[in-house]
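# Fold and contact review
As a plain string of letters, each chain reads:
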Amino acid sequence: MSTVRFLTGITTSGTPHLGNYVGSIRPAVRASLTPGVESFYFLADYHALIKIDEPARIQRSTLEIAASWLAAGLDPSHVTFYRQSDVPEIPELTWFLTCVTGKGVLNRAHAYKASVDKNTAAGVDPDADVTAGLFMYPVLMGADILMFNAHKVPVGRDQIQHIEMARDMAASFNHRYGEHFVPPQAEIEESVATLPGLDGRKMSKSYDNTIPLFSSREQLKKLIAGIKTDSRAPGEPKDTEGSALFQIYQAFASEEETATLRQAYARGIAWGDAKALLFERIDQEIAPMRAAYEDYMAHPEKVEALLLAGAKKARAIATPFMAQLRSAVGLRGLGSAVQTKSDKSSKATLAAFKQYREKDGLFYFKLVDTAGAVLLQSKGFESPKVAGQAIAQLQREGAAGIAALQAQLETLGSEAQTRAVQALTALAEATDAK
Ligand code: TRP
């Protein structure tokens, strides 16, 4: 069975609001329940350091966001739910990717460019107040994604460029070191609207126009009363177009409920009554989660335990994968088989093993000659370690190894097989000749 891996992160820089819920938390929780999907959700706290220098706020936001996901129905036994900073392999991979990413590519990243453009317009140094963290942000994000070889990354439109950069990083790493990474794809949910905030602009922390996802009934009512409307009196027909109140209602209501409100607008419903309807409709969806949220907020140790268990699950993948990557780039122990010739020059004259991972989640290798012809092709292995052991056996035993591993190899015909034996012999000689 082939599973598709979804992965997404939320930066721990603030309190989740209704816009986050409608745009990201709710669709992600729904997606996590789809069969055949393996989901990774994480709290991007390293990312938060780029914008936030208030330690207490980062800690609080981490708790609030984790509690919101859990209260909204994310089942941590079903998905991998973790905190980025609990997986030290991620910053390690960030460095590997940094070394295969062009600086010019990062110069063009939207977030960095926006700062530079702003500075230039203000007539100050283009890099004024720009940290290297902001500049490197796409690489950290690339590591988040490639660490788990995610196929699909559900994100907003503003993040598409980062996914494309992650694809480029995967390709340039693979080109240098063999097939290790799967190129990820952005998954844009067209149907998920961006929610307007209290003032009608996009609901966003930076506009200070948000409605927190979890506030008390009283607070929620008060905030909804503050949604901007026009000055039409009760009895006057009202426009649904451009009405923030209507759009927010639509994000929570069924089609029939929305149609009913549309009629009420046409018949001139009073704004106060429309706000009361909106309040009840939102509260109906949020109320059942509120108790769970408050329970998690009152017991942060429960959330901590869930996150640590999630990190353990994540590292069961990240640790062996990182070991494979370390070896691939040449960060190797000196205990065995130190190669005197560079891999590059032996690649030029000999065949080489390439290890990679397929969409089915299994680990494969092939032996390819300098012209790119495949001499041996493995079947799928459960882990990179087992695949590596098979390669080691082939390198040690040559033809005998091929015979012993028959069941794990595809049949490629006798010519390929003969050339494979020759190539293995040549490889063994090259290693012995040091
Ligand atoms: N940068 C994303 C945002 O601001 C959050 C994020 C960090 C992310 N790492 C990620 C999203 C990896 C998807 C995949 O929204």
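For the structure, see preceding data.
Per chain, residues are indexed from 1 in the order of the written sequence. Only residues with pLDDT of at least 70 are given local features in this predicted model, and only at 80 or more are side-chain atom pairs given and counted; all residues enter the totals for whole chains, interfaces and linings. Calculation of side-chain values draws on the structure's entire complement of heavy atoms; hydrogens and water are dropped beforehand.

A separate point is the pattern of salt bridges. Any Lys or Arg side-chain nitrogen located within 4 Å of an Asp or Glu carboxyl oxygen qualifies as a salt bridge. Under the definition given, this model contains 19 salt bridges. For D283, the salt bridge goes to R217, with nearest N and O atoms at 2.5 Å. One end of the pair, D283, is in helix α12 (residues 271-298); the other, R217, is in helix α9 (residues 217-225), and 66 residues separate them in sequence. R232 is paired through a salt bridge with D239; the nearest N and O atoms lie 3.7 Å apart. Among the residues examined, D239 registers a relative accessible area of 45% and is labelled partly exposed. Taken together, the shared-partner salt bridges connect R217, E280, D283 and R290 into one network. Each helix is a run of H or I in the DSSP string that is no shorter than four residues. Each strand is a run of E no shorter than two, and both are numbered from the N terminus. Relative accessible area decides the class of each residue, using a 1.4 Å probe on protein chains only: under 20% of the type maximum gives buried, over 50% gives exposed, and in between gives partly exposed.

Here a residue is considered near a molecule or strand provided that any single heavy atom belonging to it is located within 4 Å of it. Lining the immediate environment of the ligand, one finds 14 residues, of which F42, H47, Y137, D144 and Q159 sit closest. Here the accessible surface of atoms and residues is derived via Shrake-Rupley with a 1.4 Å probe, and residues count as covered only by protein chains that are part of the display. For the ligand, whose free accessible area comes to 360 Å², the fraction covered by protein is 86%. Broken down by secondary-structure element, the contributors of at least two residues to the shell around the ligand are β1 (4-11), β2 (37-44) and α7 (132-146). Residues that form the shell around the ligand fall into these classes: eight nonpolar, five polar and one charged. Residue type decides the class: Asp, Glu, Lys and Arg count as charged, Ala, Val, Leu, Ile, Met, Phe, Trp, Tyr, Cys and Pro as nonpolar, and the leftover types, Gly among them, as polar.

Mapped onto the elements, N119 comes out in helix α6 (residues 110-121). For N119, a relative accessible area of 12% corresponds to the buried category.

Below, the discussion takes up the environment of Y293. Assignment of secondary structure puts Y293 in helix α12. For the pair Y293 and F214, spaced 79 residues apart in sequence, the C-alpha to C-alpha distance is 7.7 Å. In what follows, residue pairs with any heavy atoms lying within 4.5 Å of each other are defined as contacts. Sequence-distant contacts of Y293, defined by excluding residues within four places in its chain, comprise E64, A67, S68, A71 and F214.

All we've got here are geometric facts, nothing functional implied.
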